[in-house]
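# Structure at a glance
Here are the chains, one letter per residue:
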Amino acid sequence: MRFAGLALAAAALAAGAAPAQERAIPSGELKSGSAFLGSDLRALQNDAFANPGMLWVERGEKLWREPAGKKNLACASCHKDTSMRGVAASYPKIDKASGKLFNLEGRINQCRTERMGAEPLRYESEDLLALTAYIARQSLGLPIAARIDGAARAHFETGRAAYHLRRGQMNLSCAHCHDAQWGKRLLSETISQGHPNAYPAYRMEWQTMGSLERRLRACLSGIRAEMLPYGSQEYLDLELFLAWRAQGLPIETPGVRR
Amino acid sequence: MAARIQIPREAKRGDVIEVRILIQHPMETGYRHDDVGHLIKRNVINALSCRYDGVEVFRADLSSGISANPYVQFYTVAEASGDLEFTWIDDEGERGSERQAIVVRG
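Residues numbered from 1 in each chain as written. Chains lettered and ligands numbered in written order. Predicted model: local features only at pLDDT ≥ 70, side-chain atom pairs only at ≥ 80, totals over all residues. Heavy atoms only, no water.

## With respect to the confidence of the model for chain B
What counts here: pLDDT measures the predictor's confidence residue by residue and takes values from 0 up to 100.
For chain B, the average pLDDT comes to 96, and 100% of its residues sit at 70 or higher. Scoring of the predicted complex yields 0.90 for pTM and 0.90 for ipTM.

And the structure:
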C-alpha cells in the first residue's frame, strides 16, 4: 500500500500537478476578478462592442497582418489567423529551444527579434498591449493551463517564494490579502483573489489598457514596496505561480477592472 | 483616432435602431500633472456629431468629465438607406470620422 501511494505521488509529480493541499484557495472556490466587480463593470466587460479593451484587440488584429523588420514578415505570414486559440492559456511557458521562461509579451518579442528581424516592442507600449490582447482574446473562455513541470518547476518555486515574501513599508506579502482576506473590504474596494486571467485588461483607474506586470506594480506600489523593471525575472516567475494558482479559471481578456 | 461603430446592417422603415460608438481618445482632463509636476494640457473630444443620410440626427458637446475612450449610445428611426457618418474634433483640433451604411427596406 505504501509503495502504491509513493508511486501515485511520483506519477502526480511527473504530470506537473502539485498536491492539492498546497493550494491556499481550492479549485472549487476560485473566483475570477470579475466576480468582485459591480454589475455595471461586469456588463461592460461582457459586451464585446462596448468593452474599451476591444479597441486594443482590433489594433492587434491590424498589427498581426502588418509586415515588420528586415525580413518583411508579418505574424500572419507564418501563423494562421485563428491558430492562437489556446496559446495564451498555456503561458507563461518554457521555450524549448532556449530553455527560458516566457510570458506572452516576451514570446511576441522573441518572435519579432529572432524570426522577423524586427525591433522588440517596448513593454507596456500600445502595440505590445494590442498584440498581446489580440492573441489572448482568441483563448476567451478557455481554462488557464500553465505547466509547472520540468524546467518550469524552478521558476514556479521562485514565483511561489516571491508571492509569499513580505515586502515594503507595510511588510505584506501577496498572500496576506489575496489568500487570507479575499472577499473582505479594503476601504471601498472588495479584495479579489488576485488572478491573472483577464490580462491585458482595461482598468478604470488607469483609464487605459495595461499588462499583468503593470497590475503587479500597482499592488507593489500600494504596499509601498519597490517596483521592479518590466520584464524582470521575478515578475515572470510570479506570473507562472499566479497562472498555476488560477488553474482552470477561464481567460477573459480583455478584462475590465476597477 | 480609432473608433468602432455598431448599427444594424438592415432595418425596416420606421424601426427604432440602436446606434453605438466607441472612440479611442485619452480625454485628458487638464487637471493632471506629469512626472515632473507640469500641468498636462486639457485635450478632450469637445464635439461629436452624427449625420444620417446627410441630416444631423445627434450631437453632443463633451467635456473633461467624460472618461477616456468615450462610449456613446443613442436611438434613431430608420428612414432611408444611407450612411451614418460620425465626426468629432478634440481640443487640439484633431478631427476624426467614421461611417457605416444601413439598408432600409419597406
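## Looking at the interface of chain A and chain B
Going by this rule: Contacts are assigned to residue pairs that have any heavy atoms within 4.5 Å of one another. Accessible area that two parts lose when put together, with a 1.4 Å probe and added across both, is what the buried area reports. Salt bridges are identified by distance alone: a Lys or Arg side-chain nitrogen within 4 Å of an Asp or Glu carboxyl oxygen. Polar contacts, as used here, are pairs of N or O atoms within 3.5 Å; protein pairs need one atom able to donate a hydrogen and one able to accept it. Residues neighboring in sequence count only if both atoms are side-chain atoms. Secondary structure counts use DSSP, requiring at least four H or I residues in a row for a helix and at least two E residues in a row for a strand, with both numbered from the N terminus. Ten residue types, Ala, Val, Leu, Ile, Met, Phe, Trp, Tyr, Cys and Pro, are classed as nonpolar, four, Asp, Glu, Lys and Arg, as charged, and the remainder, Gly among them, as polar.
Contacts between chain A and chain B engage 13 residues on the former and 13 residues on the latter. Across the chain A/chain B interface, buried area totals approximately 1,100 Å², and carbon plus sulfur atoms make up 55% of it. Considering only the surface of chain A that becomes buried against chain B, Phe49, Leu55 and Gln207 of chain A emerge as the three largest contributors, covering 59% of it. Linking chain A with chain B are two salt bridges, by the criterion used here. Arg20 of chain B is paired through a salt bridge with Asp47 of chain A; the nearest N and O atoms lie 2.3 Å apart. Connecting chain A to chain B are six residue pairs in polar contact (both at pLDDT 80 or more). By residue number, the principal contributor to the side of chain A that touches chain B is helix α3 (residues 54-65) of chain A, which donates four residues. Partitioning the side of chain A that touches chain B into residue classes produces eight nonpolar, two polar and three charged.

## What about the environment of Tyr202 of chain A?
Spelled out, the test is: Only protein chains enter the area calculation, which uses a 1.4 Å probe; residues under 20% of their type maximum are buried, those over 50% are exposed, and those in between are partly exposed.
As for its position among the elements, Tyr202 of chain A is in strand β5 (residues 201-203). Take Tyr202 of chain A: its relative accessible area is 2%, and that puts it in the buried class. Considering only alpha carbons, one finds Tyr202 of chain A and Gly150 of chain A, 52 residues apart in sequence, at a separation of 34 Å. Within the structure, the side chain of Tyr202 of chain A is placed 2.7 Å from the side chain of Asn69 of chain B, a separation counted as a polar contact.

## Describing the packing of aromatic side chains
Residue and element names in this part refer to chain A. What counts is decided by this rule: For this analysis, a ring pair means two rings from Phe, Tyr or Trp (six-membered ring only for Trp) whose centres lie within 6.5 Å, classed as stacked if their planes differ by under 30 degrees, edge-to-face if by over 60, and tilted for the remaining angles. The criterion is that NZ of a Lys, or CZ of an Arg, lies within 6 Å of the ring centre and within 35 degrees of the ring normal, and then a charge sits over that ring.
Taken as a whole, this structure holds 11 aromatic pairs over all chains when the rule is applied. Ring centres 5.2 Å apart and planes at 15° place the aromatic pair Tyr123 and Tyr230 in the stacked group. Taken together, the residues span a long stretch of sequence, with Tyr123 in the loop between α5 (104-116) and α6 (126-137) and Tyr230 in the loop between α9 (212-222) and α10 (233-245) at a distance of 107 residues. Of the aromatic side chains, those joined through ring pairs into one cluster are Phe156, Tyr163, Phe241 and Trp244. The positively charged end of Arg203 is found above the aromatic ring belonging to Trp206, 5.0 Å away from the centroid.

## Describing the nonpolar core
Inside soluble globular proteins, nonpolar side chains tend to come together where they are buried. All names here are of chain A. Note the following rule: Among buried residues, those of type Ala, Val, Leu, Ile, Met, Phe, Trp, Tyr and Cys that are joined through side-chain atoms within 4.5 Å constitute a nonpolar core.
Residues Phe156, Tyr163, Leu216, Leu238 and Leu240 are the most contacted members of the largest nonpolar core, which totals 32 residues. Listed by contribution, the elements that provide at least two residues to this core are α7 (152-164), α9 and α10. Core analysis: the second largest hydrophobic core is formed by 27 residues, Phe49, Leu128, Ile135 and Tyr202 among them.

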